[in-house]
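Take a look at the letters that make up each chain.
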Amino acid sequence: MRLVVARCQVDYAGRLTAHLPMATRVLMMKADGSVLVHSDGGSYKPLNWMSPPCTVRESTTDDGAIEWTVTSQSATRGPDDTLRIMIEEVLHDSSHDLGVDPGLQKDGVEKHLQELLAEHPATLAVGLTLVRREFPTAIGPVDLMCRDADGLSVAVEVKRRGEIDGVEQLTRYLELLNRDPLLSAKGPVRGIFAAQEIKPQARVLATDRGIACTVVDYDALRGLDSVEDRLF
């Protein structure tokens, strides 16, 4: 992984355009080919990024400034996505071999909940089938990648308690997944936010972003809360 702290200007062009004026930021170039631009405040998520596969070309302008041109094939038939990073001053530049990451170790209940939903995805939506658990993206794995009855891709984020952070996390995954032409060929990848309990604010945010919310009965999934055994 390469970490660069620099005064830079960032311009994105693709499905839309975005501009970050000159300021000091952290540029992260990961071994998987992704490039992320971070600031020191506002949020833990990147201000802009380019997910793999992409190519990075480093050059020098006529004015002597360093320019990174990051190109990624568009998920649609439109022009390629391009991220241009104009570097005015480099404050730090280092590379590090992080080795193989063992992945996020979830607590017992949340991990088991994910396993149970992987075995019974149709409890989240009728006709839903599992494609893969821990589906990789440039910013971390999606808990469950599924396919609905119409063949559309569905990303599922599983939490024990559903809060706003979880919705934000799934939103970032969906932004990346919808850049993949193989996943979005039949239509946009949609999201399901599944938890034992979903906070009202998280539900409002998810609904606003077109993400479905599903409250999961852990005991019923485990087979400990059979409907036939209930009195009411």
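Residues numbered from 1 in each chain as written. Predicted model: local features only at pLDDT ≥ 70, side-chain atom pairs only at ≥ 80, totals over all residues. Heavy atoms only, no water.

(A) Quick peek at unusual backbone geometry. Positive phi outside glycine occurs at Glu 134, with the angle close to 50°. Inspection of the secondary structure assignment puts Glu 134 in strand 8 (residues 129–135). (Helix = DSSP H or I, 4+ residues; strand = E, 2+ residues; numbered from the N terminus.)

(B) Spatial organisation of helix 3 (residues 200–208). The set of residues buried in helix 3 consists of Ala 202, Leu 205 and Ala 206. Seen end-on, helix 3 carries its buried residues on one side only, within an arc spanning 100°. For helix 3, exposure combined with an orientation more than 90 degrees from the buried face picks out Pro 200, Val 204, Thr 207 and Asp 208. Looking at the buried side of helix 3, the elements it contacts are strand 10 (153–162), helix 2 (164–177), strand 11 (190–198) and strand 12 (212–215). (Buried < 20%, exposed > 50% of the residue type's maximum accessible area, 1.4 Å probe, protein only. Arc of directions from axis to C-beta. Contact = heavy atoms within 4.5 Å.)

(C) Structural detail: the pattern of salt bridges. Tallied over the entire structure, the rule returns nine salt bridges. One salt bridge connects Lys 159 with Glu 157, and the closest N-O pair in it is separated by 3.4 Å. When its relative accessible area of 17% is taken as the criterion, Lys 159 is described as buried. Since its relative accessible area comes to 1%, Glu 157 is described here as buried. In the salt-bridge network here, residues are joined through shared partners; they are Arg 2, Glu 58 and Asp 93. (Salt bridge = Lys/Arg side-chain N within 4 Å of Asp/Glu carboxyl O.)

(D) Spatial organisation of the side chain of Arg 172. Examined against the element boundaries, Arg 172 turns out to sit in helix 2. Put simply, Arg 172 is tucked away with no salt bridge, and the nearest opposite charge, on Glu 168, sits 5.0 Å away. Among residues more than four places away in sequence, those in contact with Arg 172 are Tyr 44, Lys 45 and Ile 139. (Lys, Arg positive; Asp, Glu negative; His and termini not counted.)

(E) A look at the sheet that holds strand 9 (residues 142–147). Read from one edge of the open sheet, five strands run 8-9-10-11-12, paired in mixed fashion. Looking at the sheet topology across the chains shown, the edges are occupied by strand 8 and strand 12. Recorded for the sheet is a direction-independent mean angle of 30° between the axes of neighbouring strands. Pairing of strand 10 with strand 11 involves eight bridges; the strand directions are parallel. Looking across to strand 11, one finds that Gly 162 is bridged to Ile 198. (Pairing = 2+ DSSP bridges. Axes fitted to C-alpha atoms, helices over the stretch in contact; angles between N-to-C directions.)

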